[in-house]
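This is what each chain is made of:
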Amino acid sequence: MKKTLQQVAAWLGTDAGAFGDTLVTGASLNTRTLQPGELFIPFRGEQVNGHQFVEQAFEKGASATLWLKDEPNPPKDRPVLLVDDAAKALQTLAASYREELQATFIGVTGSNGKTSTKDLIAGLLSPYFKTIKTQGNFNNELGLPLTLLAIDEDTEVAVLEMGMSSFGEIKFLSKLAKPKYTVITNIGEAHLQDLGSRENITKAKMEIIAGMASEGILFYDGDEPLLQQAVSALSGVNTVPYGKGDANELRLVKTAFSTEGTEFTTAGLIDGDFVLRVLGEHQAKNALAALLIGKHLGLTTEQIQQSIRNVELTDMRMQVIETEGPTFINDAYNAAPTSMLAAIQFLQQADFGKKKWLVLGDMLELGEQELSYHRQLAPAISSQDFTGVALFGPRMRVLYEELQGDFQERTFWSEDFEEVQKFLAEQLSDEDLVLLKGSRGMKVERAMETWNRK
């Protein structure tokens, strides 16, 4: 964004005073990450009042600041815009700027895989279009507006991740971004604590079409019965299912794995063989959405094949880490029952000529049935497939108890991660392949700290 303060003030219905010609080149909520030229937006919370950092923001090069009308002592002789509500002002700025952008907008949501899918779409398109994507976890009612305001005016494609914890949030984000293409990666168990059922999660995820262009397309996981049911109830919406089932318009028909990544074959709307530099059948399935969007934006199959093989995902998503000891598959960014099972099944099927270990941490935010979800992982874990299992966290105790009869000495559990690390140091060798998986708060990637990376 490159606007004068007078233009910004007009969007907000306020007055720029004598500083109307000041150039604003973005927005920031945090003085630690603020860039020169950005508008500082102070939030007032229970613990911290952002107004106390306004002077610091100017010292770091802020072009101007918002200031709440009921906050006393606004700075004098500084470019200040008075507003009633900081969040609404940020969202108004983003909505106004969005109207001026000509980029193709793509919205991505889902219980699992939305960040990987966002990365795959953006990575596939970026060699051919000027592309921007959501950075980090800027996928909510504050993060997405900041992403919009960071888009260059000549951007051709914007890939926006949309997260939520309750009803109405994705609807708001969709209406703000107005995507042409939307993607729902799957329906899992994340947010059961807030929404109560997978049916309600489906309803919340389907809100992504609320702001979709009339000529737009919803690409969705066609193997998910709840999404099939939700889509069948739509009228006047273009939809394209993808997945493994025969009814999908783009089908994943074959996958193979090595430490170099995943090879997969598709049929239907796109027939071809593709290579991903990331492991997992579920990642190949995520890639189907990227392939479809690439095709709809005019790329040839050959262009898609060349581009997708060079995409790198955000760290800790089926990331192969070779050390001077074991080889790790770091999938420790987050976990829910669906993604946990997918990762376990991947390691079960992988044939890398190594002994296989699981290091699993608690799955969080699963509500009243959380222990049941942990216990239900047991049938997927057999001593015929895995050499050993290390479990971390109070919820994983129930899985440990389920596995006792099968693994005995080669199964370990503790609420103290140092004890887990000690067990692994004693057990693992350079011939082992180790999956790291758990919710973000568990930080199970710490298991690699014992060994130096190659």
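Residues numbered from 1 in each chain as written. Predicted model: local features only at pLDDT ≥ 70, side-chain atom pairs only at ≥ 80, totals over all residues. Heavy atoms only, no water.

Going by what an unreviewed UniProt entry lists, the chain is known as UDP-N-acetylmuramoyl-tripeptide--D-alanyl-D-alanine ligase and is assigned to Tetzosporium hominis. Per UniProt, the chain has the following entry under Function (unreviewed entry): "Involved in cell wall formation. Catalyzes the final step in the synthesis of UDP-N-acetylmuramoyl-pentapeptide, the precursor of murein." Under Sequence similarities (unreviewed entry), UniProt gives the following word-for-word description of the chain: "Belongs to the MurCDEF family. MurF subfamily." (UniProt positions renumbered as here; feature names shortened; annotations may be inferred.)

By the alternation rule, side chains of strand 10 (residues 181–184) split into Tyr181 and Val183 and Thr182 and Ile184, which are all buried. When strand 7 (residues 104–109) meets strand 10, the two strands line up parallel, connected through 4 bridges. Bridging from a neighbouring strand, isoleucine 106 pairs with tyrosine 181 of strand 10. Sheet topology note: the strand 10/strand 11 (residues 217–221) ladder contains 4 bridges and is parallel. Looking at the pairing, threonine 182 lines up with leucine 218 of strand 11. (Buried < 20%, exposed > 50% of the residue type's maximum accessible area, 1.4 Å probe, protein only. Helix = DSSP H or I, 4+ residues; strand = E, 2+ residues; numbered from the N terminus. Pairing = 2+ DSSP bridges.)

Take the packing of helix 8 (residues 198–205) against helix 9 (residues 225–232) next. Two numbers describe a pair of packed helices, the interaxial angle and the distance between the axes. Two elements in contact, helix 8 and helix 9, have axes separated by 10 Å at closest approach and are oriented at 50°. Between helix 8 and helix 9, the angle is such that the two are oblique. Here the hand of the crossing between helix 8 and helix 9 comes out right-handed. Taking contact as the criterion, the partners of Arg198, Glu199 and Thr202 in helix 8 are, on helix 9, Leu226, Leu227 and Ala230. Here the residues of the contact of helix 8 with helix 9 are counted per class, giving 3 nonpolar, 1 polar and 2 charged. (Axes fitted to C-alpha atoms, helices over the stretch in contact; angles between N-to-C directions. Parallel < 35°, antiparallel > 145°, perpendicular 65-115°, else oblique. Left-handed = near helix turned anticlockwise from the far one by under 90°. Contact = heavy atoms within 4.5 Å. Nonpolar A, V, L, I, M, F, W, Y, C, P; charged D, E, K, R; others polar.)

A large share of strand 14 (residues 261–268) lies buried, amounting to 6 of its 8 residues. Bridge analysis of strand 13 (residues 250–258) against strand 14 gives 8 bridges, and the strand direction is antiparallel. Each bridged residue has a counterpart across the sheet, and for threonine 255 the counterpart in strand 14 is phenylalanine 264. The turn joining strand 13 and strand 14, which pair antiparallel and follow one another in sequence, is formed by 2 residues.

This part takes up the environment of isoleucine 187. Among the structural elements, isoleucine 187 can be located in the loop between strand 10 and helix 7 (192–195). In this structure isoleucine 187 comes out as buried when scored by relative accessible area, which is 2%. Spatially, the C-alpha atom of isoleucine 187 lies 9.4 Å from that of proline 225, the residues being 38 residues apart in sequence. Those residues within four positions of isoleucine 187 in sequence are excluded, and the remaining contacts are Ser111, Arg198, Ile201, Thr202, Lys205, Glu224, Leu226 and Leu227.

Turning next to the packing of helix 4 (residues 114–125) against helix 10 (residues 281–296). Relative to each other, helix 4 and helix 10 sit at 40°, their axes nearing to 9 Å. Regarding the angle of helix 4 to helix 10, the classification is oblique. Helix 4 and helix 10 meet at a crossing whose hand is right-handed. Contacts between helix 4 and helix 10 pair Ser116, Thr117, Leu120, Ile121, Leu124 and Leu125 from the former with Gln283, Asn286, Ala287, Ala289, Ala290, Leu291, Ile293 and Gly294 from the latter. Looking at the contact of helix 4 with helix 10 residue by residue, the class counts come to 9 nonpolar, 5 polar and no charged.

Each assigned domain of the chain is listed with its residue range as follows: domain 1 (3–89), domain 2 (101–309) and domain 3 (319–448). The C-alpha-based centres of domain 2 and domain 3 are spaced at 28 Å. Roughly 1,400 Å² of surface becomes buried between domain 2 and domain 3 when both sides are summed, with 66% attributable to carbon and sulfur atoms. At the junction of domain 2 and domain 3, the tally comes to 0 salt bridges. If you look at where domain 2 meets domain 3, you find 0 residue pairs in polar contact (both at pLDDT 80 or more). Of all the secondary structure elements, the ones that give two or more residues to the side of domain 2 that touches domain 3 are helix 7 and strand 13. A class-by-class count of the residues in the side of domain 2 that touches domain 3 yields 4 nonpolar, 8 polar and 1 charged. (Domains from an automatic or database assignment. Buried area = accessible area lost by both parts, 1.4 Å probe. Salt bridge = Lys/Arg side-chain N within 4 Å of Asp/Glu carboxyl O. Polar contact = N/O pair within 3.5 Å; in protein donor to acceptor, adjacent residues only side chain to side chain.)

Turning to the packing of aromatic side chains, a few remarks are in order. Counted according to the given criterion, the structure contains 8 aromatic pairs. Taking 4.8 Å as the distance between ring centres and 65° as the angle between the ring planes, the aromatic pair formed by phenylalanine 392 and phenylalanine 417 counts as edge-to-face. Here phenylalanine 417 lies in helix 15 (residues 417–427) and phenylalanine 392 lies in strand 19 (residues 388–392), a separation of 25 residues in the sequence. Note on accessibility: phenylalanine 392 and phenylalanine 417 belong to one class, buried. Taking the centre distance of 4.7 Å and the plane angle of 10° together, the rings of phenylalanine 412 and phenylalanine 423 count as stacked. With phenylalanine 412 in strand 20 (residues 411–414) and phenylalanine 423 in helix 15, this residue pair connects regions lying 11 residues apart in the sequence. Aromatic ring contacts, followed pair by pair, group Trp357, Phe412 and Phe423 into a single cluster. Between arginine 317 and the ring centre of tyrosine 333, over which it is positioned, the NZ or CZ distance is 3.7 Å. (Phe/Tyr/Trp six-rings, centres within 6.5 Å; stacked < 30°, edge-to-face > 60°. Lys NZ or Arg CZ within 6 Å of the ring centre and 35° of its normal.)

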